[in-house]
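# Inside the fold
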Amino acid sequence: MTTATTASVTADASPLATAQGQLTTAVTHLGYDDGMHQMLATPRRETHVAVPLRRDSGETVLFHGFRVQHNVSRGPGKGGLRYHPAVDVDEVRALAMWMTWKCGIVDLPYGGAKGGIDIDPREYSQAELERVTRRYTSEIMPMIGPDTDVMAPDMGTDAQTMAWVMDTYSVNRGYTIPAVVTGKPLAVGGSLGRETATSAGIVHVTAAALKEAEVPLTEVTVAIQGFGKVGGHAASIFADRGARVVAVSDQYGGVRADDGLDVARLQQHVEATGSVQGFDGGDPVSNDELLALDVDVLVPAAVEGVLDESTAGTVRARWVVEGANGPTTAKGDRLLAANGVTVVPDVLANAGGVVVSYFEWVQANQTYWWSEQEIAEKLARRMSSAYADVSALARRDGISLREAALVIGVRRTAEAHEIRGLYP
Ligand code: NAD
């Protein structure tokens, strides 16, 4: 077993350093001893695999793949699969840990896991991505399964990727096992509402935070960094619910319009060109400028560590709602707090995806599917109730929403450890 606590914890922007620091804060608040801290800090299982790919050209290239089960005390590991050139084991460890707390916060019967391959999916054909996905799945087969570890899409992967994982796993087992992944296409047992679930959850918690301040959603301006599965749908849902989306960006650049972007037309532009850049319904804005815009709500929904010691101090939004995992570093967090910015943390704000993943897994296990309305209502209830728990604890103990959320997630996980006892 690898001791994650000793891994690269020096850089402020390292996701693992951020995650470990957050855990230390929660453990200190809860008064747990060092033994429990180590249990909670250390992944239960990790697999590192070589993922060779025969390219369409005939050339062979090699990628590195990881699957980390951070904790499985409350149920199977649950977490996404990321394809990004910068993926490394420390990033996957951090993301797996956040999944454990997230599942605890929204009270799902899951632990936390995450996987990744250091591949840039934009550089490869669909056939190549299919081969990489099937090879990776075969390599980690002993570790995954509907009762042990359930994957979902993350950055650089999508419903099609999940269909390949499900098919590879099922073919090797000899029968169809839809519950081995979530976020798969409807045609093979996906759930209605899964595609938009993370973004719908972001809007639910934003509305809940605004309500506490007696600010209607229809009166706020919103800037969103990242226009992928999370940021793109969030922009549409915010606009549908009457908020004014004034800026969005992706890795190529951004676009702003102070009167509000026409999000539907922007989506068409992105479908046609692959980027928000060059949209004629607004003016260009850089990613750093977007973070510093004078808006009510800022939603970082791209990559980790964007709100760090150099950028967090420039934020003028009153609320930061974290769509991405780990967008704020520890130093960034302190700067935001000092400037009176309320941060709705990732482990709560983007939990809608795993909530509907859970609904999909329940439906697949029962082979009985629910209506879109049932799913939307159940999601709204769970997100509002999780927000209310976190907010009440934050107020009671005079702590931030992040600390309160982590305390709830960490406490539920630690309780499972204590009640189950230590074997042998
Ligand atoms: P995605 O690949 O669909 O989209 C990522 C977006 O971020 C793209 O628009 C990309 O251009 C942009 N981006 C990448 N690097 C950037 C940079 N340096 N600066 C600005 N923009 C950049 O990924 P996604 O699924 O939308 O995930 C985004 C974040 O949300 C990740 O942190 C992911 O872990 C988290 N998340 C995703 C889900 C989900 O259901 N997909 C659930 C919970 C959390």
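Residues numbered from 1 in each chain as written. Predicted model: local features only at pLDDT ≥ 70, side-chain atom pairs only at ≥ 80, totals over all residues. Heavy atoms only, no water.

## Examining the site of the ligand
Close contacts around the ligand come from 22 residues, with Asp-154, Thr-198, Val-230, Gln-251 and Asn-325 the closest. In this structure, Thr-198 approaches the ligand through a side-chain N or O atom, which is 2.8 Å from an oxygen atom. The contact in question runs from an oxygen atom of the ligand to an N or O atom on the side chain of Gln-251, over 2.7 Å. Calculation on the ligand without its partners gives an accessible area of 830 Å², and the protein chains cover 84% of this total. Taken together, the residues that form the shell around the ligand break down as 7 nonpolar, 10 polar and 5 charged. Residue-level mapping places the shell around the ligand at the junction of two domains, with at least three residues from each of domain 1 (43-177) and domain 2 (197-344). (Near = heavy atom within 4 Å. Polar contact = N/O pair within 3.5 Å; in protein donor to acceptor, adjacent residues only side chain to side chain. Areas by Shrake-Rupley, 256 points an atom, 1.4 Å probe, with all protein chains shown as cover. Nonpolar A, V, L, I, M, F, W, Y, C, P; charged D, E, K, R; others polar. Domains from an automatic or database assignment.)

## As for the nonpolar core
With 88 residues, the main nonpolar core has Trp-101, Ile-224 and Phe-238 as its most contacted residues. Counting residues per element, this core draws most heavily on helix α6 (residues 197-212), at 9 residues. Residue contributions to this core reach at least three from each of two domains, namely domain 1 (43-177) and domain 2 (197-344). Among residues more than four places away in sequence, those in contact with Ile-224 are Gly-231, Ala-234, Ala-235, Phe-238, Val-245, Ala-247, Val-248, Ser-249, Leu-290, Val-299 and Ala-301. (Core = buried A, V, L, I, M, F, W, Y, C linked by side-chain atoms within 4.5 Å. Buried < 20%, exposed > 50% of the residue type's maximum accessible area, 1.4 Å probe, protein only. Helix = DSSP H or I, 4+ residues; strand = E, 2+ residues; numbered from the N terminus. Contact = heavy atoms within 4.5 Å.)

## Looking at the side chain of Thr-221
Within the fold, Thr-221 resides in strand β6 (residues 221-225). Beyond its immediate stretch of four places on either side in the chain, Thr-221 contacts Arg-244, Val-246, Asp-294, Val-295, Asp-296 and Val-297.

## Structural notes on the domain arrangement of the protein chain
Under the domain assignment used here, the protein chain contains domain 1 (43-177) and domain 2 (197-344). The distance between the C-alpha centroids of domain 1 and domain 2 comes to 28 Å. Facing the 12 residues of domain 1 at the interface are 8 residues of domain 2. Surface buried jointly by domain 1 and domain 2 totals about 690 Å² across both partners, of which 43% is contributed by carbon and sulfur atoms. Considering only the side of domain 1, the residues that lose the most area to domain 2 are Trp-98, Arg-122 and Met-155, jointly responsible for 50% of the buried surface there. Here domain 1 is connected to domain 2 by 1 salt bridge. In this assembly, domain 1 and domain 2 are joined by 5 residue pairs in polar contact (both at pLDDT 80 or more). No other element matches the 4 residues that helix α3 (residues 89-105) contributes to the side of domain 1 that touches domain 2. (Buried area = accessible area lost by both parts, 1.4 Å probe. Salt bridge = Lys/Arg side-chain N within 4 Å of Asp/Glu carboxyl O.)

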